[in-house]
Amino acid sequence: MERGRGGTAGSSELFAFNQLRARKKELKFARSPIHDWGLYALEYIPAGDMVIEYVGEVIRAQVADKREKVYERQGIGSSYLFRIDDDLVVDATMKGNIGRLINHSCSPNCTARIITINSAKKIVIYAKTPIEPGEEITYDYHFPIEQEKIPCLCGSERCRGFLN
């Protein structure tokens, strides 16, 4: 699960978030050389723009730990658990949007931020660099370091070799 970082949204972030909802970016999912499916831009996205909200069911961290084990037992190859903070996780495995298909990269073109809108925490993906049409949307998952390593397949020149 990813550790999120973020703070309270200011009025400019609230305005930008509302703009994202009003005019969604043109995105599509397609096969990815990184892993299975990926998310791709269909339009130019300037650096700093909000790309998409990561949507799913907000659950407690203890519930997420149990679900992760259940998903593994059920043979669900990919679970889409995104940690908001120490207590909350967004589970997009069964109830998510296409934002869950964003793949990891060690040299990502996006970053994930936790913002608070009307006392609800939201995970929003922002462009770190300009993104061209046809380019895959990626961010660094920031997985914690663990004994059992997960190989990274991002193909970046600065690839660390592992996600964790």
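Higher on the page you've got the structure.
Before going into details, it helps to say that this report is about the structure given with it. No experiment lies behind these values; they were computed from the predicted model shown. Per chain, residues are indexed from 1 in the order of the written sequence. At least 70 in pLDDT is required for a residue's local features to be given in this predicted model, at least 80 for side-chain atom pairs to be given and counted, and no such filter applies to totals for whole chains, interfaces and linings, which use all residues. With hydrogens and water stripped out, all remaining heavy atoms of the structure feed into the side-chain values.

Moving on: the overall build of the chain. A run of H or I in DSSP becomes a helix once it reaches four residues, and a run of E becomes a strand once it reaches two; helices and strands are each numbered from the N terminus. Each helix and strand in the chain was counted, giving two helices and twelve strands. Along the chain, helices (α) and strands (β) appear in the sequence β-β-α-β-β-β-β-α-β-β-β-β-β-β when read from the amino end. Residue burial is assigned from relative accessible area. The probe radius is 1.4 Å, only protein chains are included, and a residue is buried under 20% of its type maximum, exposed over 50%, and partly exposed in between. Across the 164 residues in the chain, those meeting the buried criterion constitute 41%. Counting contacts in the chain only where the partners sit at least 6 residues apart, residues at least 24 apart contribute 67% of the total. Accessible areas in this description were obtained via Shrake-Rupley with a 1.4 Å probe; residue shielding takes into account the shown protein chains only. Of the accessible surface of the chain, which amounts to about 9300 Å², a share of 51% is contributed by carbon and sulfur atoms. The criterion used for residue contact is that any of the two residues' heavy atoms lie within 4.5 Å.

Right, let's talk about the pattern of salt bridges for a bit. In what follows, salt bridge is the name for a side-chain nitrogen of Lys or Arg lying within 4 Å of a carboxyl oxygen of Asp or Glu. By the definition in use, this model includes eight salt bridges. In this structure, D49 engages K25 in a salt bridge whose closest nitrogen and oxygen atoms are separated by 3.3 Å. Highlighted residues: D49 in the loop between strand 4 (37-41) and strand 5 (50-54) and K25 in the loop between helix 1 (11-22) and strand 3 (27-31), separated in sequence by 24 residues. With a relative accessible area of 26%, D49 lands in the partly exposed category. One salt bridge connects K95 with E57, and the closest N-O pair in it is separated by 4.0 Å. Here E57 lies in strand 6 (residues 57-60) and K95 lies in the loop between strand 8 (88-91) and strand 9 (103-104), a separation of 38 residues in the sequence.

As a further point, take unusual backbone geometry. For N118, which is not a glycine, the phi torsion comes out positive at approximately 50°. Here N118 is to be found in the loop between strand 10 (110-117) and strand 11 (120-127). The exposed category is assigned to N118, whose relative accessible area is 69%. Residue S119 is not a glycine yet carries a positive backbone phi of 65°. Along the chain, S119 falls in the loop between strand 10 and strand 11. You can call S119 exposed: its relative accessible area is 72%.

All right, on to the nonpolar core then. Ranked by internal contacts, the top residues of the largest apolar core, which has 26 residues, are I45, V51, I125, I137 and Y139. Those elements giving two or more residues to this core turn out to be strand 4, strand 5, strand 10, strand 11 and strand 12 (136-139). The domain limits used here are those given by an automatic or database domain assignment. Counting only domains with at least three residues in this core, you end up with domain 1 (1-49 + 100-155) and domain 2 (56-96). The residues touching I137, leaving out its near neighbours within four places in the chain, are L27, L39, Y40, A41, I45, V51, I102, N103, N109, C110 and I131. The nonpolar core is taken to be a set of buried Ala, Val, Leu, Ile, Met, Phe, Trp, Tyr and Cys residues, with the residues joined through side-chain atoms within 4.5 Å.

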